[in-house]
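# Breakdown of the fold
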Amino acid sequence: MNRHLIAAADLSRDDALLILDTAEELARMSDRPIKKLPTLRGRTVVNLFFEDSTRTRISFEAAAKRLSADVINFSAKGSSVAKGESLKDTALTLEAMGADAVVIRHDASGAPHRLAGWIRGHVINAGDGMHEHPTQALLDAFTIRRRLGLQPGAGETGPAPASRRAASGSATGHSAASRGGGRSGAGGLDGVRVTIVGDVLHSRVARSNIALLNILGAEVTLVAPPTLLPIAVDGWSCEVSYDLDAVLPKSDVIMMLRVQRERMTAAYFPSVREYSRRYGLDAGRMAMLPEHAIVMHPGPMNRGVEIAAEVADSPRSTIVEQVANGVSVRMAVLYLLLGGAELTGEPR
Amino acid sequence: MEDTVNRAADTWLIRKATLPSGRSTDLLLHDGVIAETGTRLAAAGAQVLDADGLIALPGLVDLHTHLREPGREDAETIGTGTRAAALGGYTAVHAMANTEPVADTAGVVEQVWRLGREAGHCDVQPVGAVTLGLGGTRLAELGAMADSAARVRVFSDDGHCVSDPLLMRRALEYVKAFDGVIAQHAQEPRLTEGAQMNEGAVSGRLGLAGWPAVAEEAIIARDCLLAAHVGSALHVCHVSTAGSVEIIRWAKSKGWRVTAEVTPHHLLLTDELAESYDPIYKVNPPLRTATDIEGLRVGLADGTIDCVATDHAPHPSEAKDTEWADAAFGMTGLEVALRAVQQAMVETGLLDWAGVADRMSVRPAAIGRLGGHGILPAAGGPANLTLYDPAAAPEPVDPAAHASKSRNSPFRGVALPGHVVATFLRGTATVLDGKATS
């Protein structure tokens, strides 16, 4: 892994598993009465947020503070940026103030790439435009591993997805096993069938998840109206379907993406109601999922649009866990990048 | 005394130059014309330039240059832009209309034309705006610009597409009265709202809003049909897709008056360069795919695309030192265009030097209705010449060394062959030994 975390697509399988396994260890520590670790004492982490995102910012802030780092929150609103300062000048200012890491959220795809070229500190992408949101994908993978009992040390006790139970001798199972050796075999998501539903075209969460799920061996299916898929989606390593009902029974994980109402005015779909009827997850559709399947959403949700309230609040929903896991995963990323630990893999 | 010196400075004996046809000859330049050609010419008092191994091209003509003056003299001036042009081997450039104020009146085009004359590095032929303020709603006074001292014949809203089909039809019809041509920036605006780069595999991966090929091709198809319907002349700016080449080939096969240009960058660079998110590669129309490059090269070779035009678009560094989406569109091109064309077209065997002379001088001058330019070197012809060394070892492009005020060359660090040794404008050297003379 590079010294930055800019895209899930840059991670090797070993990198990804190291982050997830480290997050497991850190999550166990957070069960202790004193949650704080001294690891990053004296290091400065800047949260540089050009888009409003209280959830993500608080998650990164909590993660950094539990590792004893000093945290500076820089919000573009009302700042020098609002006065017309460029990203480059903001970056150089932060650098001069001694930021060891900058967590950046920006509405322009590629902003973290540019930032990494201008500063010496580590850059962590907290979501850039329509490009990537790698820590979201990592926390989603972490959540899937835990819920499906695939994390190392989970043994045979946890529930396994149907595909793995039914096809333990299948080609997929063999290939995962034969990769073997060290981390490569264990702790991945080999053979797990993940369905991602919604506005893939505009979604950085979808891009990061597709990349990371592929790296970890999962089988990804995208379901969306054709207007909300990239024109060259054929070249992505995943299946594509326009029919949610057909895919549901073959899914171990279903990930619902937030759909923005303004897409309707740009003619991506005729109405919110029609979108909801064709691509929303309601109780009836949830019943078509296999028994062990889980329902995910990166939040914030549009209840009644892409996900019905009774689905969001059902025991299959991992939405609240995802938030909790976000802190552990972000701690792991900060710990590994700033703690000096070298992640071993080569960028893909 | 001074008079004698000047006369000597204006007489040049160029020895053993290779003409585009491949024939070797001496050229005697005097009084702004090529006075004599032949072997072992002699002229007392003439300055002698040994051109053994150099190709003598007719002075290059650019149909598409942004000189930024008036208005954005921080990016380029007519002085710096025309010096850059001369260093690239150009003796005439067409200055695009998107200045501040817009070149949509006789006053502005005459000012640009005069400033070009005064700078003296190359001729500046203003392009007039098609619509008032490039606003796309009302025709500018095209006739007044045509009748002005600048004698405008090419009209373009470049940077903006004349997307209203009725307005485009009227513009095409109207300029027939003075043998004008409408140069269209073909970009369907609704299909390219917020567009950042070519729509395809790379844009999908990078999460940058796509600029689909169809947005260019649909306008070109429409405009070809309109030009045919009203019997007027259409020129298509910076063609960037293989599909556009096919449409133009079809229109030409009908005998319609359609011409087209391609930029050096679209002949060499692909959208994969956007992977760096470095806006130095952000341009409109965007860099496309290898398939498009192939189509464009074949189209230029077979004459479907008439000429190479630079779309030289200088920008100050702060316009490119930003996030991709915030950055300005555009690339500089004047100083490397000929070298880039050698790389894309000559090294690949698609064009010989006669072809290069045709596509970079003869045809653009004809499309621009530009007298005194685009004439193959011959006795009695104007002494507008470019001496080019195609055998110069490939050197990485260094934008910091460019005469342009701006540094936004996408060829930064790319090794390109060839070297412009000298440029003559009406017998006066504007470039000697690869350096501007003033």
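## Observations regarding the overall build of chain A
Secondary structure assignment for chain A yields 14 helices and nine strands. Classification of the 348 residues of chain A by burial places 50% in the buried group. Considering only intrachain contacts with a sequence separation of at least 6, the fraction spanning at least 24 residues in chain A is 75%.

## Thoughts on the overall build of chain B
Each helix and strand in chain B was counted, giving twelve helices and 21 strands. A compact globule built from 438 residues would reach a C-alpha radius of gyration of about 22 Å, and chain B, at 21 Å, matches this within 12%. Over its C-alpha atoms, taken along the principal directions, chain B stretches across nearly 65 × 45 × 45 Å. Once local pairs closer than 6 in sequence are excluded, the contacts in chain B between residues at least 24 apart make up 74%.

## Describing the packing of helix α2 (residues 54-66) of chain A against helix α14 (residues 319-338) of chain A
Residues and elements named next belong to chain A. In the contact formed by α2 and α14, the axes pass within 8 Å of each other and the chain directions differ by 55°. Considering the angle they form, α2 stands oblique to α14. As α2 packs across α14, the resulting crossing turns out to be right-handed. Counted together, Ser 59, Phe 60, Ala 62, Ala 63, Ala 64 and Arg 66 of α2 and Gly 326, Val 327, Arg 330, Met 331 and Leu 334 of α14 form the full contact between these two elements. Residues that form the contact of α2 with α14 fall into these classes: seven nonpolar, two polar and two charged.

## Looking at helix α5 (residues 134-147) of chain A
Residue and element names in this part refer to chain A. Along its 14 residues, α5 runs 20 Å from first to last C-alpha, staying within 8% of the 20 Å computed at 1.5 Å per residue. For α5, the tally of buried residues reaches 14 of 14 residues, placing the bulk of the element in the interior. One or two steps after α5, the chain reaches Gly 149, where phi turns positive at roughly 70°.

## What about the domain arrangement of chain A?
Residue and element names in this part refer to chain A. The assigned domain composition of chain A is domain 1 (8-132 + 323-338) and domain 2 (135-320). Every contact between the two is made by 27 residues of domain 1 and, on the other side, 25 residues of domain 2. Residue assignment for the side of domain 1 that touches domain 2 shows that the elements contributing at least two residues are α1 (13-29), β4 (122-128) and α14. Of the residues contributing to the side of domain 1 that touches domain 2, the split by class is 14 nonpolar, five polar and eight charged.

## Topic: the pairing of strand β5 (residues 55-58) of chain B
Residue and element names in this part refer to chain B. Of the two faces of β5, both are covered, the one formed by Ile 55 and Leu 57 as well as the one formed by Ala 56 and Pro 58. In terms of strand pairing, β5 meets strand β16 (residues 385-389) through four bridges, oriented antiparallel. Residue Leu 57 lies in a different strand from β16, and its bridge partner there is Thr 386.

## Concerning the sheet that holds strand β9 (residues 154-155) of chain B
Residues and elements named next belong to chain B. The sheet built from five strands is open, its strands ordered β9-β10-β13-β14-β15 with parallel pairing. For this open sheet the edge positions go to β9 and β15 (307-308), each flanked by a neighbour on one side alone. In the sheet, strand β10 (residues 181-184) pairs with strand β13 (residues 234-236) via three bridges, with the strands oriented parallel. By the bridge assignment for β13, Ala 183 is matched with His 235.

## Brief notes about the sheet that holds strand β7 (residues 239-241) of chain A
For sheets, the rule is that strands pair by backbone hydrogen bonds, running either parallel or antiparallel. Residues and elements named next belong to chain A. Pairing in this open sheet of five strands is parallel, and the strands run β7-β6-β5-β8-β9 from one edge to the other. Both edges of this open sheet fall to β7 and β9 (294-296), since each of them pairs with a single strand only. The average undirected angle you get between the axes of adjacent strands in this sheet is 20°.

## Focus on helix α12 (residues 353-367) of chain B
Residue and element names in this part refer to chain B. A rise of 1.5 Å per residue sets the reference length of α12, with its 15 residues, at 21 Å; its end C-alpha atoms lie 20 Å apart and thus fit the reference within 8%. Here α12 lies mainly inside the structure; eleven of its 15 residues are buried. Taken together, the buried positions of α12 are occupied by Val 356, Ala 357, Asp 358, Arg 359, Met 360, Ser 361, Val 362, Arg 363, Pro 364, Ala 365 and Ile 367. Phi turns positive one or two residues past the end of α12, at Arg 369, with a value near 50°.

## Quick word on the interface of chain A and chain B
The interface is formed by 20 residues belonging to chain A together with 16 residues belonging to chain B. Counting residues per element, the ones that place at least two in the side of chain A that touches chain B are α3 (87-96), α4 (111-118) and α8 (204-215) of chain A. Sorting elements by how many residues they give to the side of chain A that touches chain B places α4(A) first, with three residues. Across the side of chain A that touches chain B, the residue classes tally to eight nonpolar, eight polar and four charged.

## Digging into the domain arrangement of chain B
All names here are of chain B. For chain B, the assigned domains read domain 1 (2-55 + 381-405 + 412-436) and domain 2 (59-367). Computed from C-alpha atoms alone, the centre-to-centre distance between domain 1 and domain 2 is 27 Å. Listed as interface residues are 23 residues of domain 1 and, on the opposing side, 31 residues of domain 2. Those elements that provide at least two residues to the side of domain 1 that touches domain 2 are β16, β19 (419-425) and β20 (428-432). Of the residues contributing to the side of domain 1 that touches domain 2, the split by class is 13 nonpolar, eight polar and two charged.

Calculation rules
- Residues numbered from 1 in each chain as written.
- Chains lettered and ligands numbered in written order.
- Predicted model: local features only at pLDDT ≥ 70, side-chain atom pairs only at ≥ 80, totals over all residues.
- Helix = DSSP H or I, 4+ residues; strand = E, 2+ residues; numbered from the N terminus.
- Buried ≥ 20, exposed ≤ 12 C-beta atoms within 10 Å, placed from the backbone.
- Contact = placed C-beta atoms within 7 Å.
- Rg over C-alpha atoms; globule rule 2.2 N^0.38 Å.
- Axes fitted to C-alpha atoms, helices over the stretch in contact; angles between N-to-C directions.
- Parallel < 35°, antiparallel > 145°, perpendicular 65-115°, else oblique.
- Left-handed = near helix turned anticlockwise from the far one by under 90°.
- Nonpolar A, V, L, I, M, F, W, Y, C, P; charged D, E, K, R; others polar.
- Expected span 1.5 Å × (residues − 1).
- Domains from an automatic or database assignment.
- Pairing = 2+ DSSP bridges.

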